Amino acid sequence: MPKTAIILGATGLVGGKLLELLLKDEDYTKLKLFSRSSCTISHPKIEEHLIDLFELEKYSETFTGDVVFCCIGTTKAKTPDKETYRKIDYGIPVTAAIVAKNNGIKIFEVISAMGADPKSRTFYNKIKGEMERDVLKRNIDGTYIFQPSLLGGDRSEKRFGERMAQVFMGAFSFLIPEKYKIIEPETIALAMAKVAKTKYGKQRIPSDEIKELANT
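First, a word on what this report is: a plain description of the structure on this page. Source: prediction; values computed, not measured.

### Overview of the packing of helix H2 (residues 82-102) against helix H3 (residues 123-136)
In the contact formed by H2 and H3, the axes pass within 9 Å of each other and the chain directions differ by 15°. When the axes of H2 and H3 are compared, the pair comes out roughly parallel. H2 and H3 meet at a crossing whose hand is right-handed. Of the residues in H3, those in contact with Lys82, Tyr85, Arg86, Asp89, Tyr90, Pro93, Val94 and Ala97 of H2 are Phe123, Tyr124, Ile127, Lys128, Glu130, Met131, Asp134 and Val135. Broken down by class, the residue content of the contact of H2 with H3 amounts to 10 nonpolar, no polar and 6 charged.

### Some thoughts on the side chain of Lys45
Residue placement: Lys45 occurs in the loop between strand E2 (28-35) and strand E3 (46-50). No salt bridge is formed by the buried Lys45, whose closest oppositely charged neighbour, Asp25, lies at an N-O distance of 6.0 Å. Within the structure, the side chain of Lys45 is placed 3.0 Å from the backbone oxygen of Leu22, a separation counted as a polar contact. Polar contacts involving the side chain of Lys45 include one to the main-chain carbonyl oxygen of Leu23, which spans 3.1 Å.

Calculation rules
- Residues numbered from 1 in each chain as written.
- Predicted model: local features only at pLDDT ≥ 70, side-chain atom pairs only at ≥ 80, totals over all residues.
- Heavy atoms only, no water.
- Axes fitted to C-alpha atoms, helices over the stretch in contact; angles between N-to-C directions.
- Helix = DSSP H or I, 4+ residues; strand = E, 2+ residues; numbered from the N terminus.
- Parallel < 35°, antiparallel > 145°, perpendicular 65-115°, else oblique.
- Left-handed = near helix turned anticlockwise from the far one by under 90°.
- Contact = heavy atoms within 4.5 Å.
- Nonpolar A, V, L, I, M, F, W, Y, C, P; charged D, E, K, R; others polar.
- Buried < 20%, exposed > 50% of the residue type's maximum accessible area, 1.4 Å probe, protein only.
- Lys, Arg positive; Asp, Glu negative; His and termini not counted.
- Salt bridge = Lys/Arg side-chain N within 4 Å of Asp/Glu carboxyl O.
- Polar contact = N/O pair within 3.5 Å; in protein donor to acceptor, adjacent residues only side chain to side chain.

Below, the structure written as structure tokens:
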């Protein structure tokens, strides 16, 4: 049966790789992209909705499909203002889950981060933890939260500290447990695509399990 997928964040690292995968996947006949800027790809499957993602609830009539892939996220370097950071990393995913629930969407996948904890004293881990908690409160049966470690890949913004961490982790990879090793955007995208088609036994999927899923 033909499927429609919604992608939030299709212009980002993971979202872009996921879009590439789903364009090749014959199970999906329509890909609805909700974002601020165009993915710049012309394809008959793609239906773009260029909107203010902070007002996602206003577009609930078009937010319909079989699965939502929420690949939205920012960084401290890109979004230093904490209020704006919270609107992006907490507000958009939770609003998307609410709209998805109201519209009867059965599968909701979202990217979080390793260390997410609503009780954390670290602001960024706390935000991710609160997002996970409140997405799960929507009680969508097929909710899956991906918790990757440090992402590989190239970004447009300069992040010296993270780049140094990538170099260090690459050089000493043999000493680092699999759960904490760098993970590539392609790996996360592939795991997300696979989980959408087959039920997984856990709602929270840590980095090492993401890799296992992608490689099976």
